[in-house]
Amino acid sequence: MNFTKRSFVFAEEQYFSIDDILATNERIPCRFEVGVHKLGFLDPSSGDTDLAQGTKLEIPLWMAQALQSRRIISTEVPRVYREAYRHILNADASVVNLNKMGPYFYHFGLYLLRFTHHDSEDIGRMLNQSFRNRFRKLMDTSQNSMEEDGIMLTANLDRTEVALFNVGHKSLLDLKNWQSRKNQKILTANLVMNHKKRKRTVMED
C-alpha cells in the first residue's frame, strides 16, 4: 500500500462504511480565521453566542474539511502525527501500540493528506513505512495463532490491521479445515460436468 495524496480516494469510496464514518469523526485541531455567528456552543469555555476570530478548537474531521474549503479555519497536524511521533514510528513501528494512538490511525492519516500542511509528505512517508514494517509481523502472527488468542494479539493494532489479521487468520482456518477432510472426495465442478454431458450428447448425435 502506497500512501500518497491520492490515497484518500479509497476512503471516499466507503461513503456508507461505519469505519469511515467513525474515522472522519476523529477530531483535528484548528484555528478560526474569521468570526462565525451562532457557533459559540462549539467552545464550551466561552459563554458567547458567536465564535471569535482566533479561537482554537478541536473539531471532527468531516466538519474541518467543509470549513477549510471555505477558508473559515486553518488546521494543525494532530499530535500523534507530528515529528516526535513520526521519529518513534520510523525507528521501530512494529512495537508501537497503534490502537492507543488512534483506532483509525491509517484511515485518519490518509484524510490528513488532504489538508495543506508543510509536513504532509513526511506524514505520507511515515504511514507507508509504518505499514510496511508492521505488515510481515502482522501476517506471521495471524498464520501462527490459535483462535482464542485473537483478541490479545490484535489489542495493539488499528482497525485496518485488525481487518488484515482477520483475513489472514481465516485463511489459516480454512486451510486446516480443508486438510482435515481426509475421507471427503474432491468432486468435479458442476460446470465441468455439464460441459462433458453436452460434449457427449453432440458426439452421440
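In the block above lies the structure referred to throughout.
Rules of the game
- Residues numbered from 1 in each chain as written.
- Predicted model: local features only at pLDDT ≥ 70, side-chain atom pairs only at ≥ 80, totals over all residues.
- Heavy atoms only, no water.
- Helix = DSSP H or I, 4+ residues; strand = E, 2+ residues; numbered from the N terminus.
- Buried < 20%, exposed > 50% of the residue type's maximum accessible area, 1.4 Å probe, protein only.
- Contact = heavy atoms within 4.5 Å.
- Areas by Shrake-Rupley, 256 points an atom, 1.4 Å probe, with all protein chains shown as cover.
- Salt bridge = Lys/Arg side-chain N within 4 Å of Asp/Glu carboxyl O.

## Things to note about the overall build of the protein chain
Along its length, the protein chain carries 10 helices and three strands. For the protein chain, the succession of helices and strands along the chain, N to C, is α-α-β-β-α-β-α-α-α-α-α-α-α. Within the protein chain, the proportion of its 205 residues that are buried is 36%. For the protein chain, long-range pairs separated by at least 24 residues make up 69% of all intrachain contacts whose partners lie at least 6 apart in sequence. As displayed, the protein chain offers around 14,000 Å² of accessible surface, 53% of which is attributable to carbon and sulfur atoms.

## Topic: the environment of Asp122
Mapped onto the elements, Asp122 comes out in helix H7 (residues 120–143). Distance in space between the C-alpha atoms of Asp122 and Arg86 is 8.3 Å, their sequence separation being 36 residues.

## Topic: the pattern of salt bridges
Taken as a whole, this structure holds nine salt bridges when the rule is applied. Among the ionic pairs, Glu33 bridges to Arg31, the shortest N-O distance being 2.8 Å. For Arg31, a relative accessible area of 29% gives the class partly exposed. Arg86 is the partner of Asp119 in a salt bridge, and the nearest nitrogen-oxygen pair spans 3.3 Å. Pair noted here: Asp119 is in the loop between helix H6 (105–112) and H7 and Arg86 is in helix H4 (residues 83–92), with a separation of 33 residues, a long-range link.

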